[in-house]
Every structure is written in C-alpha cells, then in structure tokens.
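Geometric and topological summary
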Amino acid sequence: MDFKSIERKWQKKWDETNLYKFDPEKIDKKRYILEMFSYPSGARLHVGHWYNYGLSDSYARFKRMQGDEVFQPMGFDAFGLPAENYAIKTGIHPKDSTLANIETMEHQLREMGATFDWDYELITCNSDYYKWTQWLFLKLLERGLAYRKNAPVNFCPNCNTVLANEQVIDGECERCSTTIEKKTLTQWFFKITDYAQELLDDIDGLDWPEKTKMMQKNWIGRSTGGEITFDVYDSSLSFTVFTTRADTLFGCSYVVLAPEHPMVQEVTTPDNIDEVTQYISDCTKATEIERQSTEREKTGVFTGSYAINPINGEKVPIWIADYVLVTYGTGAVMAVPAHDSRDFQFAAKFELPIKRVISGDGKQDDSLPFVEHGILTNSPGFDSLTTEQAKKAIIDKLKENNKGDFKTNFRLRDWLVSRQRYWGTPIPVIHCPECGAVPVPENDLPVLLPYEVDFSPKGTSPLATNEEFINTTCPKCGKPAKRDADTMDTFVCSSWYFLRYVDNKNDKEPFNKEIVDTMLPVDKYIGGPEHACMHLLYARFFTKALRDMGLLSFDEPFTSLVHQGIILGPDGNRMSKSRGNVISPDSYIKKYGSDVFRMYLGFGFAYIEGGAWNDDGIKAVHRFLERVVRIIERGASLTPSNYSKIKEKEKDLLYSRHYTIKSVTYDIDKFQFNTSIARLMELVNAMYKYLDSGEEINVSLFIETCKDLLKLMAPFTPHTCEELWQNMGNEYSIHNQPWPEFDESKLVKDTIELGVQINSKIRAHIEVASDLDDDKIKELALANEKIIEAIGEKTVRKVIVIKGRLVNIVIS
C-alpha cells in the first residue's frame, strides 16, 4: 500500500467533510485536550515536535472514539527572543520571519493528519490577541496586582534584558546559559505573591506528576516562623528579620544585612563608609548561586553600628555580608553562630561571640554548631523549654512589646514582567512628568508594536528609538508624555491563551465568561516538564486573579497534566542546531508516510521518558503495517458462513481480541503508547495464527476482529485505518466509530501456558488446565521431555509453582 498517497487522499476528505470540527451543540460532552503553546522556530518541525503533537493527537483520537466531543486547538506563541535574535543576525524583521515560520509549521502540522480544529487558531504577535494581553495587564494594574518599583533584578548581558527569578537556572539565563548579573532598575512586576498560599494549598488536588507538584511547592517555599524587630542603637531606625528559630534568639551575637538592603547606607558610620561601599561594589560580581554556596569562604564588613536584641537588650554589631540575600526573607538575619552553620563559619572567621542556648542529648561536638532541636539553656525565663515550646513563648513575649509577631514567609517573589527587547507586547502605560504612570485608556487599545524599529540590542529598550511610538500625550492632562518603552515577558502571552482559544474571535472582550466557564478547565494538558516553575505557575496565578476579578469561575487552569519525555539527538544531547544533532522527520515521512512515523514514535519510546533517537525499528513498524494491510485484505475477501462450532483456536482468538481491547484502552488512557502498540502486534500474530490454522474458521468472528483491530489502531495510523475501513465496505468514517469494548468473560481461559524453569532459567513451556492444582502442575512439569533431559542425573531439590505464571525447579 502506498501510505503516502492515501494520507493526502484522506486529509482532503477530512477537511472537506469538517470531520474534526468541534461541535458547540455537544458541549456537554466536551473534552478539552491541549498541547503546550508551540513556538514558531526558524527550523522545520523536528522529531521532538512530532513526538509531542503526533502522540497527544493519538490520545485525542482515542477519546473522540470513546464518545467525547474533543476540543483540540492549535496556535503559536509568536513573540520572543529567538525571532529577535534571528533578526539581529540576518536582518530579516522578526514579524516577517515569524509569520513565515508559522505558515511552514501550519503546513507540517496539517500533513501530520492531526485533529486540530484550525478555526480556533491563535497567533500572539497579532494585535487581535495582544490587545487583550494589554487589557489584562490594565486589569491587574487596576486591582493592585501590577506595580512598578526600583529593585535589584536579574540581567542577562547576552540577551540584554532582565529576567524573572523563575527564568534563572543555577545563576544562568534559562535560554542562553549566560551568567546573570545583578542590576537595580525600575521595572514592572505582577504580584504573584498575593496568591502564594493558595497556589501552594491547591496543588495537591491536581492530577499532575508528583515531581512537578513538588518543584512548585519548593519554589513557592513556605516557611512558618516569626518576624522580629531590632532597633538600631542610638537611632530611631529599626529593621526586621524573619526566622524559623525564634528559640535561639538569646544566642544572637550579631546581625547581618544583605549588601543591597536599603538601610545599609543609613546605619553605616562615616569611619566605615569607604569599606562598606567597596564591599557592596564587589558583591555585584558574584551570582546568587555563588553567594549561597556553603563551601564559599564567608566575607563581610562591619557597618560601625549596633542593634538591640529585643529579648534581652544586648547590643549586637550590625554587619553586611553577601551570604544574606535581599530577595529572601527581609534581607536581614539574626546571626546565631552556635546553632547555624553559615553563621558559625562567619563568626569563626571574624572572631565574633558564639553563645550556646540550645542543648541536645549531650553527645554533640561543642566545637561545631548544634543545628537540631533541643532544650533551651542560657535563656533566662525560657530555660528548660523545648524548641517548639520556646518558639511560641518567645514570639508571644516579643508581641507584648510590639517587637515581634508570628509570620509565614514564602520563597516565591513577585513576577518581573518588563523586558528591554523589541519583539513582545508593548506595556500599555504612559509616563507623564505631571501625572506619573498613567494607564492607556481601554478604548485606545491595542498599543500597536511599530514595525520600523532599530532592534539591535543595547541593553535599553529598542522601542525608545522610535520617536513616533514613544512620544504621545498624557490621557489625564493632555501634556506631552512618553509611552513605556519596555515590552512584556512572553510568558504573559502564554499565561492566558488557553482561555482565548475557546472564544478566539471575540472582539468585545478577551473571552466570554459563560463560554469559558463551560469549556474550562483544560481536561488534559500535555507538554514539557521544564515549565514546572514558569509557565505552569504563571498560568495558575492568572487563573486565580481573573477568577477574583469575576471574569471566570474556576480555580485551576489544568486539572490533569502529562509531561512528554524528550527525544534526544543520536549523541544523547538535547537537539539543537548549534550541536548539529537535530533530526528532521521529513525524509522518514517521504519514505514511509506519517502513519508509520507516528506509530514508530509511539512504539519506540516510553512517552513520558523519551530517549536518544534511533531509527533501527522504523522498518519493523513499516513491515508490521504491511502485515496489517494483508490480514485485513484477506478478511475482507472472506465470505460469511453458517459456522457455529466453538473450537479451542476460536477461544484463543477471542481471548486475544478482548485482552487487546482491555489492554490498549487502559494503556492509551495512561499515555503508555508503546505497550498499546505491542498488544496490537500480538493480536495481529494471533489473527494470522487463527487464519492459517488449516481448520475451518468462523468468518464472522474474524471479520469482527478485523474491525476491532482497525478501530484500536486508528489513533496511531489514522489514514491507513480509514483506507482499510473503507476497503472492508464500512461507512465513513472509522474515526466516528465507537471504541471497542471488551467482554471480561472472554478473558477466562480453559488452559494456560506456564514457563518451566530450571534454576531460574526457562527450559520448556507446558499447557495446563487453568484450575489445575499445584501438585498436578508439578507432575506435568517433571514429566516434560525437555525437562527430563535438562535435569539428567542431577537431584531435584525443590519445585515451586507461581500461580498462573511459571514453575521453577531447583536442582543440584
């Protein structure tokens, strides 16, 4: 069979008959299946794209045949650095290259034969989409969830833009792996921290991979403790520290401010200012990862000032040290060197007091910090309390004097969304010398991204170079003003696209609440695990914020999540053009067709694990599909008879048929495509065995088995099965047929086959009655000719029967 030609034939037919169009009249049966937003890169689709989209489409086809009204849209996350960097390199405008790439990807995705409904397509760089991204920004601003402040930020010198904390991996840019620098800039933030507690609380109720849920929990990082106020000696100044170990407060012998702490300059005495200023400058050269390393030598300088320990009135010196980060807690810590390893190292180096206030079981080494829980000592009024008792008692005491309170703290920081790049959504704010930051009126949206811009990276926003764009008038006072020159993080675009899909042509609002509440949440979301603490977290925040604005009525965007594995290059590394290890599917599809290629991807890899690319098995899959064609052709040529006698071989076929239906149904639902296809191969073997038995066959049974085989294969080889279904004389389309159901009674076999081992190595197989007792099974195993020969003169020490599986004979 010419698989390639029948693919063109059926894709045309499906398109003409609107086979895969979502029917809003059947919304009560909807199943929203969504792959993570695709990015239109400069290259054609590689096997990794196929692996994601092709096999998730197989799952969607399966659910469609089970009776669901599947909604499976497709669109493009079209803003971002890759297109801009490509433009800088080649001179081709980002808009031109992006739209050309989208056209190529659309063509390739259609050739895949997927069930995407293109009526719902989205392209984020089109103004009819980013108008509503700007509108949502204004709604967040209106609600106090968007704000602008001067703050230390992560700056990538290679990408020439700031990055959110989530986009920094081990101190490097998640996109280009350049070491991040710290800069202090005025930027826009989204107040995701307002939802930290809810983001944490709700994650356990999601059907998500446990590893992904744990990564989000750790990133949000809830700590329960207390916030304690230290007054600066001989001053009206004070600062707070967050601690989970208030029980150690009597052991505080100094306090530390982060070099970036806003109070550093105020508490530094004139005699120490030069040394402190130099130290602050030196700290900008180290990454946060380096600063937090436990193996790095501790550094710091004394400010010259002292603070008052609020529990006992003792004066303690105020230091600055880079092992304290302004982005965590309050940017200040109470140092208890006897009970904290980092403080201990610092105190030992600078010869600061080390006071023990917690005792353990008496076995601890007094030359090392004791960081476990224990009993308080040297803590007047609190001695003999346990750590847990003292944590509460000491905070209660501080509360009486307004010097402390209980506090829950989070590692999560607000989402930095400003970007100093061109190819993104313009921020809809105007900066007026008189009125300050003024939101663009909603009726003036969208703020269009101009085409004529010098987008060569200079570390400043390219939009500032376009005079026509940047210069405007203030909506409040009418005086000359300037637009915000930054664009939004592209993760903003992908934080709500799943909502727009269901109402993508709405020009009055981003989406209709009634439609969104009916269609969402997404029932099955499929994509890579690398977005655990970025896109997935941001999308959850957006959903909760929009819920609180009354724009939708649900709490979570994606109720069930599956991560596909990564197809690596043949060298075992992630595919990239720079490594030269990208595998294109085009040559395989030209030779074998997309059905063979899709089935091979499903069979050759465990979907959630992936692996290094190897095409050794694709020929075998092609041969298997040809075997299917031949068995179906033979079945279609048979003439039904009045056969009625049930023979043993017929029972075997019935068992194989229903076992395959049961197994494939379970496995596809769990995205275990490789085992699904393995079961299909076993069924085909059973069908050939039955047909070639030389005995009279039940033609009706065989034809029904052929039909079930095609239905079970249809999600993996949709074009081939459509063709064979038609060739059997069935009505169009196989993809409208109900999914086969298994009969549990057909899975009870009169006889079973057991492997017989000798010293754990298979030597023979025996067939026994399924209800035969163990003693009889042992007799049959020992009477088998192959077993007798293998035992020879050896002595049988033990015979073990493992019910329904095997017999193990132990000899010596």
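Our subject is the structure that appears above.
The text that follows walks through the structure, step by step, so that each part is easy to find. For every chain, the first residue of the written sequence is number 1, and numbering continues from 1 onward in sequence order. Local features in this predicted model are restricted to residues of pLDDT 70 or higher, and side-chain atom pairs are both shown and tallied only at a pLDDT of 80 or more, whereas totals for entire chains, interfaces and linings draw on every residue. Each side-chain value is derived from all of the structure's non-hydrogen atoms; neither hydrogens nor water enter the calculation.

**A word on the overall build of the protein**
Counting its secondary structure elements, the protein contains 26 helices and 33 strands. Buried, partly exposed and exposed residues are distinguished by accessible area as a fraction of the type maximum, computed with a 1.4 Å probe on protein chains only: under 20%, between the cut-offs, and over 50%, respectively. Here the protein, with 812 residues, has 52% of them falling under the buried criterion. Contacts are residue-level and defined by heavy atoms, with any inter-residue pair within 4.5 Å sufficient. In the protein, the proportion of contacts linking residues at least 24 apart, taken out of those at least 6 apart, comes to 71%. Reported accessibility uses the Shrake-Rupley method at a 1.4 Å probe radius. Residues are deemed covered only where the shown protein chains occlude them. Working note: accessible area of the protein is about 35,900 Å², and carbon and sulfur atoms make up 47% of it. The convention is simple: Lys and Arg are positive, Asp and Glu are negative, and His and the chain ends are not counted. For the purpose of locating charges, the reference atoms are NZ of Lys, CZ of Arg, CG of Asp and CD of Glu. Within the protein, the 119 negative side-chain charges are centred at a point lying 3 Å from the centre of the 98 positive side-chain charges. Helix and strand definitions follow DSSP, with helices as H or I runs of at least four residues and strands as E runs of at least two, each counted in order from the N terminus.

**Here's the deal with the nonpolar core**
As used here, the term nonpolar core means buried Ala, Val, Leu, Ile, Met, Phe, Trp, Tyr and Cys residues forming a set that is joined through side-chain atoms within 4.5 Å. Counting 175 residues, the largest nonpolar core has Trp-415 and Trp-613 as its most contacted members. Examining the composition of this core, we find that 10 residues originate from one element, helix α22 (residues 673-691), more than from any other. Once you skip the residues sitting within four places of it in the chain, Trp-415 turns out to touch Ala-164, Trp-188, Phe-189, Phe-190, Ile-192, Asp-489, Phe-491, Val-492, Ser-495, Tyr-538, Phe-541 and Phe-542. Among the nonpolar cores identified, the runner-up in size contains 46 residues, and Ala-246, Met-334, Phe-346 and Val-357 belong to it.

**Regarding the packing of helix α20 (residues 618-637) against helix α23 (residues 699-713)**
For helices, the fitted line uses only the C-alpha atoms of the stretch in contact; every axis is such a line through C-alpha atoms, and the angle between N-to-C directions lies from 0 to 180 degrees. Running from amino to carboxyl end, α20 crosses α23 at an angle of 145 degrees, the nearest separation of the two axes being 10 Å. As for the relative orientation of α20 and α23, their crossing is left-handed in sense. Here α20 contributes Phe-624, Leu-625, Val-628, Ile-631, Ile-632 and Gly-635 to the contact with α23, which in turn contributes Phe-702, Ile-703, Cys-706, Leu-709, Leu-710 and Met-713. Grouping the constituent residues of the contact of α20 with α23 by class yields 11 nonpolar, 1 polar and no charged. For any pair of crossing helices, the crossing counts as left-handed if the nearer helix is rotated counterclockwise from the farther one by less than a right angle, and right-handed if it is rotated clockwise. For this scheme, ten residues count as nonpolar: Ala, Val, Leu, Ile, Met, Phe, Trp, Tyr, Cys and Pro. Four count as charged, namely Asp, Glu, Lys and Arg, and the remainder, Gly too, count as polar.

**Observations concerning the sheet that holds strand β1 (residues 30-35)**
As summarised here, the arrangement of the 4 strands in space is β2-β1-β26-β27, forming an open sheet in which the pairing is parallel. For this open sheet the edge positions go to β2 (69-71) and β27 (561-563), each flanked by a neighbour on one side alone. When the angles between neighbouring strand axes are averaged without regard to direction, this sheet yields 20 degrees. Sheet topology note: the strand β26 (residues 524-527)/β27 ladder contains 3 bridges and is parallel. In the strand pairing of β27, Tyr-525 is matched with Leu-561. Each of β1, β2 and β26 touches helix α2 (residues 47-65); the most contacted strand, β1, lies at about 175 degrees to it. The pairing criterion is simple: DSSP has to find at least two bridges between the two strands.

**Thoughts on unusual backbone geometry**
The amide bond that connects Leu-520 to the next residue, Pro-521, takes the cis arrangement and shows omega of 5 degrees. Omega for the bond connecting Tyr-732 with Ser-733 falls within 30 degrees of zero, at 5 degrees, which places this linkage in the cis form. Locating Ser-733 in the fold gives a position in the loop between α24 (718-727) and β30 (751-758). In this model, Ser-384 sits at a positive phi of 80 degrees, which is unusual for a non-glycine residue. Checked against the element boundaries, Ser-384 lands in the loop between β17 (375-376) and α12 (387-400).

**A short note on a negative patch on the surface**
Two distance rules govern patches: like charges are joined within 9 Å, and nonpolar side chains (Val, Leu, Ile, Met, Phe, Trp, Tyr) within 5 Å, applied only to residues with over 30% relative accessible area and no salt bridge. The working definition used for a salt bridge is a side-chain nitrogen of Lys or Arg within 4 Å of a carboxyl oxygen of Asp or Glu. Among the surface-exposed residues, Asp-771, Asp-773, Asp-775 and Glu-779 lie close enough to one another that they form a single negatively charged patch. Residue position: Asp-771 is located in the loop between β31 (761-769) and α25 (774-783).

**Some words on the packing of helix α19 (residues 594-604) against α20**
Helix packing for two helices is described by the angle between their axes and how far apart those axes are. Orientation of α19 relative to α20, taken along the N-to-C sense of each, is 120 degrees, at an axis distance of 9 Å. Between α19 and α20, the crossing angle belongs to the class labelled oblique. In the crossing of α19 with α20, the sense of the turn from one axis to the other is right-handed. On α20, the residues that touch Asp-595, Val-596, Phe-597, Met-599, Tyr-600 and Phe-603 of α19 are Ile-618, Val-621, His-622, Phe-624 and Leu-625. Looking at side-chain class alone, the contact of α19 with α20 contains 9 nonpolar, 1 polar and 1 charged residues. With respect to orientation, any angle under 35 degrees is reported as roughly parallel, any angle over 145 as roughly antiparallel, any angle of 65 to 115 as roughly perpendicular, and every other angle as oblique.

**Some points on the sheet that holds strand β22 (residues 436-439)**
Ordered by their spatial adjacency, 4 strands build an open sheet running β22-β21-β24-β23, and the pairing between neighbours is antiparallel. Across the chains shown, the open sheet's two edge strands, defined by having one partner strand only, are β22 and β23 (471-473). Between one strand and the next, the sheet's axes are offset by a mean angle of 40 degrees, whatever the strand orientation. Here 2 bridges tie strand β21 (residues 429-432) to strand β24 (residues 480-483), and the two strands are oriented antiparallel to one another.

**What about helix α9 (residues 273-283)?**
Residues Val-276, Tyr-279 and Cys-283 constitute the buried set of α9. Here the buried residues of α9 occupy an arc of 65 degrees about the axis, which is enough to place them on one side. Picture the helix axis, draw a direction to every C-beta atom, and the arc is the one those directions span.

**Overview of the environment of Leu-747**
Among the structural elements, Leu-747 can be located in the loop between α24 and β30. Assessed through its relative accessible area of 16%, Leu-747 is described here as buried. Expressed as a C-alpha distance, the spacing of Leu-747 and Trp-132, which sit 615 residues apart in the sequence, is 55 Å. When sequence neighbours within four positions are dropped, the list of residues in contact with Leu-747 reads Tyr-655, His-658, Tyr-659, Lys-662 and Phe-742.

**Some points on the layout of surface pockets**
Detection works on a 1 Å grid of protein atoms alone, calling trapped sets that fit a 1.4 Å probe cavities and calling open sets with protein on both sides within 12 Å along at least five of seven lines pockets, with lining residues defined by an atom within 4 Å of a point. Grid points are joined across faces, edges and corners, and a volume is the space filled by probe spheres set on the points. Considering only enclosed or pocket space, the second largest pocket measures out at about 960 Å³ in volume. For the lining of the second largest pocket, the secondary structure elements donating two or more residues are β5 (146-156), β9 (181-190), α8 (264-267), α9, β18 (404-410) and β19 (415-416). Across the lining of the second largest pocket, the residue classes break down as 19 nonpolar, 13 polar and 9 charged.

**Let's talk about α12**
Relative to the 20 Å expected for 14 residues at 1.5 Å per residue, α12 spans 20 Å between its end C-alpha atoms, a close match to the ideal helical length. Of all the residues in α12, the buried ones are Thr-387, Ala-390, Ile-394, Ile-395 and Leu-398. In a view along the axis of α12, the buried residues occupy a sector of 125 degrees, so they form one face of it. Check the buried side of α12 and you find it contacts β10 (222-232), β16 (358-359), β17 and β18. By definition here, a helix of n residues has an expected span of 1.5 Å times n minus one.

**Looking at the side chain of Ser-676**
Mapped onto the elements of the fold, Ser-676 is located in helix α22. When its relative accessible area of 0% is taken as the criterion, Ser-676 is described as buried. Sequence-distant contacts of Ser-676, defined by excluding residues within four places in its chain, comprise Val-664, Asp-667, Ile-668 and Phe-716.

**Comments concerning the side chain of His-622**
The topology assignment puts His-622 in helix α20. Apart from residues no more than four positions distant in its own chain, His-622 is found in contact with Phe-3, Tyr-592 and Val-596.

**Focus on the environment of Lys-213**
Within the element layout of this structure, Lys-213 appears in helix α7 (residues 210-220). In this structure, the C-alpha to C-alpha distance between Lys-213 and Leu-200, residues 13 residues apart in sequence, is 9.2 Å. With near-sequence residues (within four places) excluded, Lys-213 lies in contact with Ile-203, Asp-204, Leu-206 and Trp-208.

**Regarding the pattern of salt bridges**
Within the structure shown, the criterion is met by 41 salt bridges. When the shortest N-O distance is used, the salt bridge between Lys-707 and Glu-704 registers 3.6 Å. Of this pair, Lys-707 and Glu-704 both sit in helix α23, 3 residues apart, which is roughly one turn of that helix. Assessed through its relative accessible area of 35%, Glu-704 is described here as partly exposed. Salt bridges sharing common partners tie together Glu-198, Asp-202, Arg-540, Lys-544, Arg-547, Asp-548, Asp-555 and Glu-556.

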